[in-house]
Amino acid sequence: MRTRLPLLAALLACATATYAKPLTVCTEASPEGFDVVRYNSLTTTNASADVIFNRLVDYDARAGKVVPSLASSWKVADDGQAITFTLRPGVSFHKTAWFKPSRPLNADDVVFSFQRMLDPAQPWYKSAPTGYPHAKSFQLDKLIKAVVKVDDRTVRFELNQPDATLLPLLTMGFASIYSAEYAAQLAKAGNFEQLNSLPVGTGPFVFQSLAKDSAVRYAANPAYFGGKPAAERLIYAITPDSAVRAQKLKAGECQIALGPKPQDISDAAGDARVKVLTTPMFSTAFVALNSQHKPFDDKRVRQAVNLAFDKANYLKVVFAGSAVAANNPFPPSTFGYNKAIKDYPLDIARAKKLLAEAGYGNGFDTTIWVRPTGSTLNPNPKAGAEVLQADLAKVGIRAEIKVIEWGELIKRGKAGEHDLLFMGWAGDNGDADNFLTPQFSCAAVQSGTNFARYCDPALDKLIADARRIAAPQQRAANYARAQQIIKEQALWLPLAHPTAAALTGRNVSGYQVNPFGRVDFSKTVVR
């Protein structure tokens, strides 16, 4: 009998693991892919960078500081022109059906991950059809002189000039570290695209499969350096309608529902089956006015749009009190926020006057682009677009609403095909530059993340100089002036700073809502 007990225990353990209840998360949309450096949407970051990959460093939102991840420590040179990272020992890449690593993470992987984005001579550089939007926007190719392997566990970033924002930037999804060994395997086979469909990382979960617009499936990484996740399996159940996400949660079909609408939160408040988690979000919902399209190339027209918009009504209709009005590009709690700037008032007469001065006294025809389904940054796209459409009609602007699938909206928006585009931006760290460089720099026009398509040398210089300045007061002065230019030029119709929220079952613990919109299920427990 004694000899059978270990066998019985082993069989029971296998059965438990095989039939363990997965952690199912109801999410709003399919990722564009899993080669995260190619994309800039939060949906894709959540499905790739946040579960499959790691960065050298992370950003601790509660402590408000950069913390170790794949790098156990780092040292900034006295002149600010180099950062040396010491890598954590013994970190394993995922073992999958398509790749078996022969070694742990080392400096070669870090060098490859950045050379790929920065060096046109690197064979993988051309593997991204639309380029590397974040690396391009932040002009990392001009900032980083070289990424050098010192030894297997030491890598040095050599810079052309000091940059106060680089370390926080390295916490962003696009700075994820890839396996150079896996990349070499794919390159040898001429199969570059597989990196986007069958990813390999070091993160808490291992990718298994994607059924587009249905589900993404992952398995727990038993060798994760942060400790094996409590959930044996993770499933993203793609559920575009937030009300349906909430219903699935209540029915036990998912344990976490992301991006609930204000009504969903209100309904859940009195439901004993549901917990509501919230935190102020480091993000801004906005309408981008394409300054490269007539008549929005005239700032008087852009100002008229701002003056015609009833923001208070918009917030009531779309957010139902779950957001605060946005005035500047980033939230008021951000370092460098310019409190002296006043928002455009609702002034129909002045809006009409500006349109007449610009030569559009009889108005004009235009389009409003919007996504089909709601998100945290736009809980009710259709209603919001209709509010803007009605407000513009009052000053003679005839706007047609075009509902475009999310992936296509991002792609065409980055190409600058829109007139007025409902969009949102969530910062990945607490720095104002995380909004200003990707949304208003000249380089970001080329990379596609500057949805206003506005390139002004004076504004560009203010943003770039602030990155090189270590003194907080000087950086804040640059940011203040940059916000003045953005407001005067009326490049955005700023909408709201939302509250980030998620709904969970009462049997869920260990999950926290992140103010940057990122997700971490590595410590989430389903009882």
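Residues numbered from 1 in each chain as written. Predicted model: local features only at pLDDT ≥ 70, side-chain atom pairs only at ≥ 80, totals over all residues. Heavy atoms only, no water.

Peer 1: Lay out the pairing of strand E7 (residues 154-159) in plain terms, naming residues and giving numbers.
Peer 2: Look at any regular strand and the pattern is simple: side chains alternate between the two faces of the sheet. Judged from the five bridges that link them, strand E5 (residues 82-87) and E7 form a sheet pairing that is antiparallel. Within the sheet, the bridge partner assigned to Thr-84 lies in E7 and is Arg-156. Of the strand pairs in this sheet, strand E6 (residues 144-151) and E7 are connected by six bridges, and their pairing is antiparallel. From the neighbouring strand, Ile-144 faces E7, where its bridge partner is Leu-159. (Pairing = 2+ DSSP bridges. Helix = DSSP H or I, 4+ residues; strand = E, 2+ residues; numbered from the N terminus.)

Peer 1: Go over helix H3 (residues 107-118) with me, naming the residues and quoting the values.
Peer 2: Between its terminal C-alpha atoms H3 stretches 17 Å, which fits the 16 Å expected from twelve residues at 1.5 Å a residue. Burial analysis of H3 places ten of its twelve residues in the buried class, the great majority of the element. Looking only at H3, the buried set comprises Ala-107, Asp-109, Val-110, Val-111, Phe-112, Ser-113, Phe-114, Arg-116, Met-117 and Leu-118. (Expected span 1.5 Å × (residues − 1). Buried < 20%, exposed > 50% of the residue type's maximum accessible area, 1.4 Å probe, protein only.)

Peer 1: Break down the side chain of Asn-328 for me, with residues and values.
Peer 2: Along the chain, Asn-328 falls in the loop between strand E14 (323-325) and helix H13 (348-357). By relative accessible area, which is 1% here, Asn-328 ends up buried. There is a polar contact of 3.1 Å between the side chain of Asn-328 and the side chain of Gln-483. (Polar contact = N/O pair within 3.5 Å; in protein donor to acceptor, adjacent residues only side chain to side chain.)

Peer 1: Can you tell me about the nonpolar core, naming the residues and giving the values?
Peer 2: Ranked by internal contacts, the top residues of the largest apolar core, which has 77 residues, are Phe-85, Phe-114, Leu-140, Tyr-218, Tyr-236 and Phe-521. Residue contributions to this core peak at seven residues, all from H3. Apart from the residues lying within four places of it in its own chain, the contact partners of Phe-114 are Val-147, Phe-157, Leu-170, Ala-175 and Ile-177. In terms of nonpolar packing, the next biggest core, distinct from the first, is built from 37 residues, Val-287, Phe-296, Tyr-344 and Leu-392 among them. (Core = buried A, V, L, I, M, F, W, Y, C linked by side-chain atoms within 4.5 Å. Contact = heavy atoms within 4.5 Å.)

Peer 1: Hey, could you go over the confidence of the model for the protein for me, with residue numbers and the actual values?
Peer 2: Averaged over all residues, the pLDDT of the protein equals 93, while 96% of them reach at least 70. Predicted confidence is poor over residues 1-19, with pLDDT under 50, and the contacts of this stretch with residues over four places away or in other chains come to two contacts. (pLDDT = per-residue confidence, 0-100.)

Peer 1: I'd love a proper account of the packing of helix H16 (residues 433-440) against helix H18 (residues 457-468), names of residues and values included.
Peer 2: For the pair H16 and H18, interaxial distance at closest approach is 10 Å and the crossing angle is 140°. The interaxial crossing formed by H16 with H18 has left-handed handedness. Residues Asp-433, Leu-436, Thr-437 and Phe-440 of H16 touch H18, and the partners they reach there are Leu-459, Ile-463 and Arg-467. A per-class count over the contact of H16 with H18 returns four nonpolar, one polar and two charged. (Axes fitted to C-alpha atoms, helices over the stretch in contact; angles between N-to-C directions. Left-handed = near helix turned anticlockwise from the far one by under 90°. Nonpolar A, V, L, I, M, F, W, Y, C, P; charged D, E, K, R; others polar.)

Peer 1: A description of the environment of Ile-485 should follow, citing residues and the corresponding values.
Peer 2: For Ile-485, the position within the fold is in helix H19 (residues 472-489). Taking the C-alpha atoms as reference, Ile-485 lies 25 Å from Asn-40; in sequence the two are 445 residues apart. In this view, Ile-485 contacts Asp-456, Leu-459 and Leu-462; residues no more than four positions away in its chain are not counted.

Peer 1: Go over the pattern of salt bridges with me, naming the residues and quoting the values.
Peer 2: According to the stated counting rule, one finds 29 salt bridges in the structure shown. Notably, a salt bridge pairs Arg-103 with Asp-109, separated by 2.8 Å at the nearest N-O pair. Owing to a relative accessible area of 23%, Arg-103 belongs among the partly exposed residues under this scheme. Looking at Asp-109, the relative accessible area reads 0%, which means it is buried. With its nearest N and O atoms 3.0 Å apart, the salt bridge here joins Asp-297 to Lys-294. Taken together, the shared-partner salt bridges in this structure form one network comprising Asp-35, Arg-38, Arg-116 and Glu-193. (Salt bridge = Lys/Arg side-chain N within 4 Å of Asp/Glu carboxyl O.)

Peer 1: Describe the sheet that holds strand E4 (residues 71-76), listing the residues and the values that go with them.
Peer 2: Taken in spatial order, the four strands line up as E4-E5-E7-E6 in an open sheet, and their pairing is antiparallel. Single-partner strands in this sheet number two, and they are E4 and E6. For this sheet the average axis-to-axis angle between neighbouring strands, irrespective of direction, equals 20°. The sheet contact formed by E4 and E5 spans five bridges and is antiparallel. Each bridged residue has a counterpart across the sheet, and for Val-76 the counterpart in E5 is Ile-83. Across the face of the sheet, H3 comes into contact with E5, E6 and E7 while running at roughly 165° to E6.

Peer 1: Just give me the short version of the state of the cysteines, but keep the residues and values in it.
Peer 2: Under the counting rule described, the total for this entry stands at two disulfides. A sulfur-sulfur distance of 2.5 Å marks the disulfide that ties Cys-26 to Cys-254. Taking the sign of the S-S torsion, about -110° here, the bridge from Cys-26 to Cys-254 comes out left-handed. One end of the pair, Cys-26, is in strand E1 (residues 23-27); the other, Cys-254, is in the loop between helix H9 (242-250) and strand E11 (256-258), with 228 residues separating them in the sequence. Here Cys-26 and Cys-254 have matching classes, each one buried. The partner cysteine of Cys-442 in its disulfide is Cys-455, sulfur to sulfur 2.1 Å. On the sign convention where negative is left-handed, the bridge of Cys-442 and Cys-455, at about 90° about the S-S bond, is right-handed. Here Cys-442 is found in helix H17 (residues 442-447), whereas its partner Cys-455 is found in the loop between H17 and H18, with 13 residues between them in sequence. Exposure remark for Cys-455: the relative accessible area of 46% places this residue in the partly exposed category. (Disulfide = S-S within 2.5 Å.)

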